[in-house]
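Structural overview
Here's the letter readout for the chains.
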Amino acid sequence: MKRSEKLTIIDNLTEQINSYNHFYLADIADLNAEDSSSLRRLCFTKDVKLVVVKNTLLRKALENSEKNTDELFDSLKGNTSIMFCEVGNTPAKLIKEFSKIHKKPLLKAAYVEESVYVGENQLEALSTIKSKDELLGDLVALLQSPMKTVIGQLQSGGNKIHGILQTLSEKE
């Protein structure tokens, strides 16, 4: 591969790393062609972009990126593929689902919500992690619940007060 081709690949990878908030490093080696194709199809249906990369090119792209990814460098050994996604827990769920039938892919590391997770043992935690939008939704729901109760009580109390005042005015 020529140097110019390598620089183009590094630039493309750097651009993708900067544009996605979440990405996973996985080992998909030893998958036969059929299993590899089914993994790619599954990634496509879940809106996950799967790219197989050389470790040296990926390392350069990580170094050039705007993100703090130094902890990921130790995971760049052996075969590496990178999964880009918009929702932080989607690749973890995908890996869990696919590895029930196959032994691969194996999670090497992940960059999710500006945090680095290293090792296969982090897969369970990553599959249950909530996105920023889900957390904001939960917070809004928690804040709305007491307000709805207070407004409901004020509205029902207002009806009672109106009824009492009307009864008193009719007595006179």
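This section reports on the structure supplied with the text. All of these numbers come straight from a predicted model, not from anything done at the bench.

Cut-off values and rules
Residues numbered from 1 in each chain as written. Predicted model: local features only at pLDDT ≥ 70, side-chain atom pairs only at ≥ 80, totals over all residues. Heavy atoms only, no water. Helix = DSSP H or I, 4+ residues; strand = E, 2+ residues; numbered from the N terminus. Rg over C-alpha atoms; globule rule 2.2 N^0.38 Å. Buried < 20%, exposed > 50% of the residue type's maximum accessible area, 1.4 Å probe, protein only. Pairing = 2+ DSSP bridges. Core = buried A, V, L, I, M, F, W, Y, C linked by side-chain atoms within 4.5 Å. Contact = heavy atoms within 4.5 Å. Arc of directions from axis to C-beta. Axes fitted to C-alpha atoms, helices over the stretch in contact; angles between N-to-C directions.

**Observations concerning the overall build of the protein chain**
- Of the regular secondary structure elements, the protein chain holds 6 helices and 5 strands.
- Listing every helix and strand of the protein chain by position from the N terminus yields α-β-α-β-α-β-α-β-β-α-α.
- A globule of 172 residues ought to have a C-alpha radius of gyration of about 16 Å, yet the protein chain, at 26 Å, is considerably larger.
- If you line up the protein chain on its principal axes, its C-alpha atoms span 100 × 35 × 25 Å.
- Taken across its 172 residues, the protein chain has 38% of its residues classed as buried.

**Section: the pairing of strand 4 (residues 106-112)**
- Where burial is concerned, most of strand 4 is hidden: 6 out of the 7 residues are buried.
- As defined by bridge partners, strand 1 (residues 22-27) adjoins strand 4 across 5 bridges and the pair is classed as antiparallel. Its bridge partner being in strand 4, Asp27 is matched across the sheet by Leu106.
- If you look at the hairpin formed by strand 4 and strand 5 (residues 115-118), you'll find 2 residues sitting between the two strands, and Glu113 has a positive phi there, around 50°.

**Quick look at the nonpolar core**
- Core analysis: the biggest nonpolar cluster contains 21 residues, and Tyr24, Leu39, Met83 and Leu126 have the highest contact counts within it.
- Elements with a minimum of two residues in this core: helix 2 (33-45), strand 3 (80-85), helix 4 (90-99), strand 4 and helix 5 (123-128).
- Element by element, the count of residues in this core is highest for helix 4, at 4 residues.
- Setting aside residues up to four positions removed in sequence, Met83 forms contacts with His22, Phe23, Tyr24, Cys43, Val48, Lys49, Leu50, Pro91, Leu94 and Ile95.
- Within the second largest apolar cluster, 18 residues are counted, among which are Leu13, Phe73, Phe84 and Tyr111.

**Some details on the environment of Glu71**
- In this structure, Glu71 sits in the loop between helix 3 (55-64) and strand 3.
- Through-space distance from the C-alpha of Glu71 to that of Ser115 is 10.0 Å; in sequence the pair is 44 residues apart.
- Discounting residues that sit within four places of it in the chain, Glu71 has contacts with Val116 and Val118.

**Details of helix 3**
- Asn55, Leu57, Leu58, Ala61 and Leu62 are the residues of helix 3 that are buried. Down the axis of helix 3, the sector holding all buried residues measures 160°, keeping them to one side.
- Buried-residue contacts for helix 3 involve helix 1 (3-19), strand 1, strand 2 (49-53) and strand 3.

**Quick look at the sheet that holds strand 5**
- Spatially, the 5 strands line up as an open sheet ordered 2-3-1-4-5, and their pairing is antiparallel. Pairing within the sheet leaves two strands with one partner each, and these edge strands are strand 2 and strand 5. Neighbour-to-neighbour, the strand axes of this sheet turn through a mean angle of 20°, independent of strand direction.
- Bridge count between strand 4 and strand 5: 4 bridges; the pairing is antiparallel.

**Focus: the environment of His102**
- Tracing the sequence through the fold places His102 in the loop between helix 4 and strand 4.
- According to the relative accessible area criterion, His102 is buried, its value standing at 17%.
- Residues His102 and Arg59, 43 residues apart in the sequence, show an inter-C-alpha distance of 28 Å.
- Sequence-distant contacts of His102, defined by excluding residues within four places in its chain, comprise Leu31 and Asp35.

Scope: geometric values only; no functional claims are made or implied.
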